[in-house]
Amino acid sequence: MSILLIAEHNNKELRPFTLNAITAASQIDSDVHALLIGNNCSEVAKALSEIPLVKKVIQAEASHYENFLPENFAPLVVKASENYSHVVSSANTFGKNLMPRIAALLDTSQVSDIIKVISPDTFIRPIYAGNAFATVKSNDTKKCITIRPTSFEPCETSGGSATVEKMDAADEVTVSKFIKREEVKSDRPELGTARVVISGGRGMQSGDNFKLITDIADKLNAAIGASRAAVDAGYISNEHQVGQTGKVVVPDLYIAVGISGAIQHLAGMKESKIIVAINKDGEAPIFSVADYGLEADLFEALPQFLEELNKLNTIQK
Amino acid sequence: MKSKAKVVVVGGGVVGVSALYHLAKKGWSDVVLIERKELTSGSTWHAAGLLPLFNMSYSVGQLHKYAVNLYKKLEEETGKNVGFSVVSNIRLASTKDRMDEYHQYAGVAQTIGVDVKFLTPDQVKEIWPLCNTEDLIGAIQHPEDGYIQPADLTQAMATGARNLGAEIYRNTAVVGMKQTKDGWIVETDKGAIECEHVISCSGNFARQTGKMVGLDIPVIPVEHQYIVTEPHPDIVKRKKDGLPEMGVLRDSDSRWYMREEAGGLILGPYEDGAPACYVDGPSKDSEYELFQEDLDRLAPHIEGAIHRVPAFGEVGVKKVYNGAICYTPDGNPIVGPAWGLKNFWINEGHSFGITAAGGAGWQLAEWIVDGEPTIDMLGVEPRRFGDYVSKSYLKEKNEEAYNHVFKVHYPDEEREAARELRTSPCYDRMKALGAVFGQKFGWERPNFFAVDGMEQKDDWSFRRSKWFKAIEKECKNVKENVGLLDMTAFAKCRIKGSGAEEFLDYLVANKLPKKIGRIGLCHALNTKGGVHSEFTIMKEAEGSYYLVSAGANQRLDHDWIQKWMPTDGSVQFENLTNSIGVLVVSGPKARELMTRVSRDDFSNENFKWLSAKTVDVGNAQVNAMRVNFVGELGWELHHPIEYQNHIFDKLIEAGKDLGLKPYGIRAMNSLRLEKSYKLVGTELSIEYSPYESGLDRFIHPNKGKFIGLEALNKWREKGFSNQLVTLEVHNIEDADVLGNNPIYDNGKVIGRATGGDFGFRLGKSIALGMVKPEIATPGQKLKIDILGKMYDCTILEESPYDPENNLLRA
Amino acid sequence: MKILVAVKRVIDYNVQIRVKEDGTGVVTDNVKMSTNPPDDNAIEEAVKIKEAGKATEIVAVTIGEEKAQETVRKALAVGADRGIHVKIDGIVEPLAVAKLLQKIVDKEKPDLVFMGKQAIDDDCNQTGQMLSALLNWPQATFASKIDIKDNKLEIIREIDEGLETIEVNVPAVVTCDLRLNEPRYASLPNIMKAKKKPIDELSAADLGVDAAPRVQQIKVEEPPKRKAGIKVSSVAELVQKLKNEAKVI
């Protein structure tokens, strides 16, 4: 078996999740070949060849591959995949956008976002937003797999010496055109997708007091949330409401301040990776879902929290 | 977690937390609550939070009133806001019957001190400008009620309980319960707790909890939906302009409630076709479960809502909540002692749990700590249902109770689901004679007989309806000839053993009949001196007594007896309810009739009033008891149930030319009122001492110890606040007193009616009522409210029909 | 323009999923279902385009069991004109869905196909891309803004690094992100009216597609439970733990 790994890059360097994808690919079979499609990307080819787990690099270049349009990439990958049993990439937006197109052209039922390799045809993947794990077996002869990067360690990047083979580019497909790309630096992250959320509840006692929260949010580059009670009381506007009738969020870090933790609020945040609760009522239900609970008066704790963060002196990305 | 406590409350919804809170307030701080997940799981969290003060029942109304007052004070006590929006509640009426219902209710409200106003359609419009009032007749408003945030309320009471020393264990599941000598051991997945009392407040898990202790708890939840809309510009504008929230609106005839929510509206209908859910119990992870919505079955109510509040149809539906609400066969919760088990309390089946939780917790705490409740709890008594409540019965009746929430609650309604379950042998014969049946405790009983071309169908009303004429015929026939009544539904039992006499003497306030074959009317008081049960007691033999009481109270009365019985085996209890039938013959020709069907001696010399003899009727051996509830010459024929049709046929045959005609319960009620006879639950209750209820000659405080004697004596020293009187009501047009009508003297409420009807033998409209003792004199003129109109009434002497009891003793 | 919108009926996003004890899947009996949330965005976008006068017909299509019709009814209630229901029981994989949609596209000849970027039950995020490949149309995935310019679409897409703007020819397949728009709520009168709009019922056989799954589900399990948390005694300790133990700041 040989695994064709589609490298994600920006023509200058590899994008980090490619390394996790290579690890995953190598768990399916050790014969991993990296497919590099891009424009003027020889530096990337070199980097790939130095990865010990990569046994061969295939490089295809053309100006119409500069911006990774799937309509262009897919036919080429299909051509390249002729002698491979598996086509693998990371399941970030690059891989999510591209791989299904390849799978359809190969008439293969893709397996997305795997978190574990059991065998070359059996994998574990999360379903229902990670509330369940499914063990699945693909019966297609050629398999298209995307991997969840955070479930695999990034591979070693030096010590390898794979050969780099050139491949002819395919014709340009013009139905789709790249216009531009911009990295978004908004003032505050979107509540629905923020990595860190800090929310205030009725314990904040007034809209003015929410400044204690926004100061910390600035420091953590966090989005600001609120409980229904805080919104009902008029402390903050309702697009900040987290909960059953508000937004459902799954950040890496959720800090609930002065929120009791009614079921309706929990429904909106209990899948957060790490939950912190700050509340002066030690019996508040929020503590039952908190990984770290601080029973304290928030009017003392929040300024202390800001001070401690300043000591760390980091603006979190 | 503690290993010992005085009380364990099972279930952490608003109901359980309230029970815990009230126990702690009564001074019992060594109490704990066990909740399998988080507080408010199950139904509390998705409840709409309405607080209806309106309830037709005297007991439930008092529970709701207490709760609304309590919730107002909770923030001050616990520092936790409960989100109580006191926005008032308006109930609309578009039919005359609905207005009658509201007037009848207003009477109840008066007597329990709940403030309710009648509004005109224009006044409704002022408060609810978005309401279309064209086709309305009127409305009532409760200024004091509104809605609350269920989770906040629960947490506030939890805080209150904890402040007083109570403990709450969350994420702990009860897996079993074992009875011990003095209490219980509650086994959880985190250890066991020994305790004296257990209160079951497990909501949708009620039957599972009951199973752990061998109880078949009559609760199965039903799906209820409510629709939440997005904001409506008119409502948003009202808020911006500083106008008050419009309050909770209930269109009873369209069967829904509506209130504002976050600038939009919530609509909650009580439709036909909502199915029971969790029939075999919820899954253990169902605490946040909601069901698929079904807007199709809400369609007629949605149309009604859009007609009534056009704004409702102008905005989009944000969400539809469909969740489980607990129900019982009659729609009232079950709050009180479990039958057959010591110290096990049931607080389940709450369909208006947010409101009822407060009052239920209050009374249970009184009951557990002081030994008795302080209000008449019969309306929510767990023992008002019997073991005839099978799971399939429950499913049908509970679905019916749900869809009846907004149907007019006629005083004479007989709901149709799950009927013809318990029938006495003569059922078909009675039906052939025109019986229109009702049910009591599952038993089918003829309410009246449709004769002379009348349709064999009931006709419900707050006023006189089609059956008025029917019972007139029946009553007059009893007066002139003889009537036949089926009272098989009576509760019956035998108490015997070496300790039987001593036990019964302690149980009741009257002296027991001394001679074999003698009958006495005896009352069991509760420990506070109020009247709990009424028994007809017949001494069958030395150490053997036959007790008869109201069929509706079978489980209640028999449980009371068995819980007070000594445990040393000197007294044995035998339930005879289902093995003995009862046919009653009453009227001046009763003796003639009996002589024709029996060779035994029915003469007055040899068969005195209040005595019983074994006789043959036809070929059947019968226990003939010379006693009846209608004040005529007559006998109750208690017989092994398999003889019933034989006896029935013999009587009918022999009675042909005596004018023997069957009569029903409604006629019986008219007849007994003319004799000022009292019933448990109306004239007799734990809220009244027997003296207040006019039972003086049945109470013997000097005979020796009996339950309630001490308290009764203290009560008498303190003084009584009520006196039962018989009233004649004048100038009645089309509606007699129903009960719960307020009675006035000089414009002030000085009493309430307990029952009423037209007395056909007297030709007067009669009522029984409790009034202040100072004015309880025959001849006193008063006023009484019937459906919103005032009528003059006069206090009569007790037993206005045949006051000397000449006919009884003939 | 004619817009075909594909919608899927999934377990409501508020429901706490329960894994069946026998491991054969997730409990769906008596569980609340609703439209896959990004599909609501897809419908909303189509309706907005129609309200702006740039589309003349919206057809909503769903593939699934009998009750899947409800999602089409909901689409009709917010503004779709017609519905199609391909009735299939059990799991239908994205590849099969794409093939079925391809056949429907061949019949209906829409100019645009919209759908949510990902179904919140299987989380595959494949269907739109596969359909594009089968049709040989351009694809615009994770769209957070759509502008129609003559016979092209200018789309802003949400990618890991930020936002990407592309231009695709019509006909095209667009998969929608939650941030694309704010889906409107259907009013009750419209919900009632939607019951009268037509829904065509088809089967996989009618369309000549073999919808049998190729990926076998061996078992479904619960993820490891959330560990019990701890109480910290000071803000300093909290920050230290967040940095060094949880590594989230």
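A. View of the overall build of chain A. Each helix and strand counted, chain A has 8 helices and 16 strands in total. The 317 residues of chain A split such that 57% are buried. Taking the contacts inside chain A whose residues are at least 6 apart along the sequence as the reference set, 65% of them involve residues at least 24 apart. Looking at chain A as shown, the accessible area adds up to about 12,600 Å², and 47% of this sits on carbon and sulfur atoms. Computed over 31 positive and 39 negative side-chain charges, the separation of the two mean positions in chain A equals 2 Å.

B. Region of the structure containing helix α15 (residues 590-597) of chain B. Residue and element names in this part refer to chain B. Residues of α15 that are buried include every one of A590, R591, L593, M594 and V597, and no others. Buried positions in α15, seen along its axis, are confined to an arc of 160° and lie on one side of it. Buried-residue contacts for α15 involve β19 (482-486), β25 (580-586), β26 (612-617), β28 (634-640), α16 (644-654) and β29 (660-662).

C. Structural view of the sheet that holds strand β3 (residues 89-93) of chain B. All names here are of chain B. With mixed pairing, 8 strands are arranged side by side in an open sheet as β4-β5-β3-β11-β12-β13-β10-β14. Bordering the open sheet on either side are β4 (117-119) and β14 (317-325), each of which pairs with just one other strand. In this sheet, adjacent strand axes meet at a mean angle of 20° when their direction is disregarded. As defined by bridge partners, β3 adjoins strand β11 (residues 248-251) across 4 bridges and the pair is classed as parallel. Across the sheet, R91 pairs through a bridge with R250, a residue of β11. In the packing of helix α3 (residues 96-112) onto the sheet, the strands contacted are β3, β4 and β5 (138-142), and the crossing angle to β3 comes to about 140°. The strands that helix α8 (residues 295-308) touches are β3, β10 (222-229), β11, β12 (256-261), β13 (264-269) and β14; relative to β10, the one it contacts most, it runs at about 45°.

D. Representation of the sheet that holds strand β4 (residues 57-64) of chain C within the structure. The strand order across the open sheet formed by 10 strands is β11(A)-β9(C)-β8(C)-β7(C)-β10(C)-β6(C)-β1(C)-β4(C)-β5(C)-β11(C), and the pairing between neighbours is mixed. Each edge of the sheet is formed by a strand with only one pairing partner; in this case those strands are β11 (176-182) of chain A together with β11 (199-202) of chain C. Neighbour to neighbour, the strand axes of the sheet diverge by 30° on average, direction disregarded. Relative to strand β10 (residues 172-176) of chain C, strand β7 (residues 139-149) of chain C runs parallel, the two being bridged by 3 bridges. Note that in β10 of chain C the partner of A140 of chain C across the bridge is V174 of chain C.

E. Looking closely at the packing of helix α2 (residues 58-78) of chain B against helix α9 (residues 353-370) of chain B. Residue and element names in this part refer to chain B. Where α2 meets α9, the closest approach of the two axes is 7 Å, and the angle between their N-to-C directions is 100°. It follows that α2 is roughly perpendicular to α9 by the angle criterion. Two secondary-structure elements touch here, α2 through Q62, L63, H64, Y66, A67, L70 and Y71 and α9 through I354, T355, A356, A357, G358, G359, A360, W362 and Q363. Here the residues of the contact of α2 with α9 sort into 10 nonpolar, 6 polar and no charged.

F. How the structure looks around the interface of chain A and chain B. The interface is formed by 14 residues belonging to chain A together with 20 residues belonging to chain B. Both faces combined, the contact of chain A with chain B buries some 1,400 Å², and carbon together with sulfur accounts for 47% of it. Inspection of the chain A/chain B interface yields 5 salt bridges. As a salt-bridge pair, R202 of chain A and D152 of chain B come within 3.5 Å of each other at their nearest N and O atoms. Residue contributions to the side of chain A that touches chain B peak at 3 residues, all from helix α7 (residues 263-266) of chain A. In terms of residue class, the side of chain A that touches chain B is built from 5 nonpolar, 4 polar and 5 charged.

G. Unusual backbone geometry, seen in detail. Of note, the amide linkage connecting V170 of chain C to P171 of chain C takes the cis form, showing an omega dihedral of 10°. Locating P171 of chain C in the fold gives a position in the loop between β9 (162-169) and β10. Although it is not a glycine, D113 of chain A adopts a positive phi angle of roughly 60°. Topologically, D113 of chain A is positioned in strand β5 (residues 111-114). Here N30 of chain C, not a glycine, exhibits a phi torsion of approximately 60°, which is positive.

H. Local environment of the pairing of β10 of chain C. With respect to burial, β10 of chain C is a largely interior element, 5 of its 5 residues being buried. Every second residue of β10 of chain C is oriented toward a common face, with A172, V174 and C176 of chain C on one face and V173 and T175 of chain C on the other, all of them buried.

I. Spotlight on the environment of Y643 of chain B. Residue and element names in this part refer to chain B. Mapped onto the elements of the fold, Y643 is located in the loop between β28 and α16. Classification of Y643 by relative accessible area gives partly exposed; the value is 31%. The sequence separation of Y643 and E501 amounts to 142 residues, and the corresponding C-alpha distance is 30 Å. The contact partners of Y643, leaving out residues within four places of it in the chain, are A620 and Q621.

J. Looking closely at the interface of chain A and chain C. With 79 residues of chain A at the interface, the matching set in chain C holds 71 residues. Roughly 6,400 Å² of surface becomes buried between chain A and chain C when both sides are summed, with 56% attributable to carbon and sulfur atoms. Remark: the boundary between chain A and chain C carries 34 residue pairs in polar contact (both at pLDDT 80 or more). For the side of chain A that touches chain C, the element with the highest residue contribution is helix α4 (residues 93-105) of chain A, accounting for 8 residues. Partitioned by chemical class, the residues of the side of chain A that touches chain C number 35 nonpolar, 21 polar and 23 charged. Bridge count between strand β8 (residues 132-138) of chain A and strand β12 (residues 215-221) of chain C: 6 bridges; the pairing is antiparallel. Each residue of the ladder has a partner; that of T135 of chain A, found in β12 of chain C, is K219 of chain C.

K. A look at the pattern of salt bridges. Evaluation of the coordinates by the stated rule reveals 101 salt bridges over all chains. Here D241 of chain B ties to K237 of chain B by a salt bridge, and the two come within 2.7 Å at their closest N and O atoms. Each of K2, E57, R82, E108 and D200 of chain C takes part in salt bridges that share partners, so that together they form one network.

What counts and what doesn't
Numbering of residues starts from 1 in every chain and runs along the sequence as written. Each chain takes a letter, starting from A, and each ligand takes a number, starting from 1, following the order in which they are written. Given that this is a predicted model, residues contribute local features only at a pLDDT of at least 70 and side-chain atom pairs are listed and counted only at 80 or more, while totals for whole chains, interfaces and linings are drawn from all residues. Remark: hydrogens and water are excluded; side-chain values derive from all non-hydrogen atoms of the structure. The helix count covers DSSP runs of H or I at least four residues long, the strand count covers runs of E at least two residues long, and both are numbered beginning at the N terminus. A 1.4 Å probe rolled over the protein chains alone gives each residue an accessible area, and that area as a share of the maximum for its type sets the label: buried under 20%, exposed over 50%, partly exposed in between. It only takes one pair of heavy atoms within 4.5 Å for two residues to be counted as in contact. All accessible areas in this document rest on Shrake-Rupley with a 1.4 Å probe, and a residue is counted as covered only by the protein chains that are shown. Positive charges are assigned to Lys and Arg, negative charges to Asp and Glu, while His and the chain termini are left out of the count. Think of each charge as sitting on NZ of Lys, CZ of Arg, CG of Asp or CD of Glu. The arc in question is the one spanned by the directions pointing from the helix axis to the C-beta atoms. Whether two strands pair comes down to DSSP finding at least two bridges between them. Lines fitted to the C-alpha atoms define the axes, with helices restricted to the stretch that makes contact. Angles between their N-to-C directions range from 0 to 180 degrees. Each angle is binned into one of four classes, with values under 35 degrees roughly parallel, values over 145 roughly antiparallel, values of 65 to 115 roughly perpendicular, and all other values oblique. Polarity classes work like this: nonpolar for Ala, Val, Leu, Ile, Met, Phe, Trp, Tyr, Cys and Pro, charged for Asp, Glu, Lys and Arg, and polar for all others, with Gly in that last group. Defined here as a combined quantity, buried area equals the accessible surface (1.4 Å probe) lost by two parts on assembly, summed across both. Salt-bridge detection follows one rule: a side-chain nitrogen of Lys or Arg within 4 Å of a carboxyl oxygen of Asp or Glu. By the criterion applied in these results, polar contacts are pairs of N or O atoms within 3.5 Å in which, for protein atoms, one can donate a hydrogen and the other can accept it, and in which residues neighboring in sequence qualify only through two side-chain atoms.

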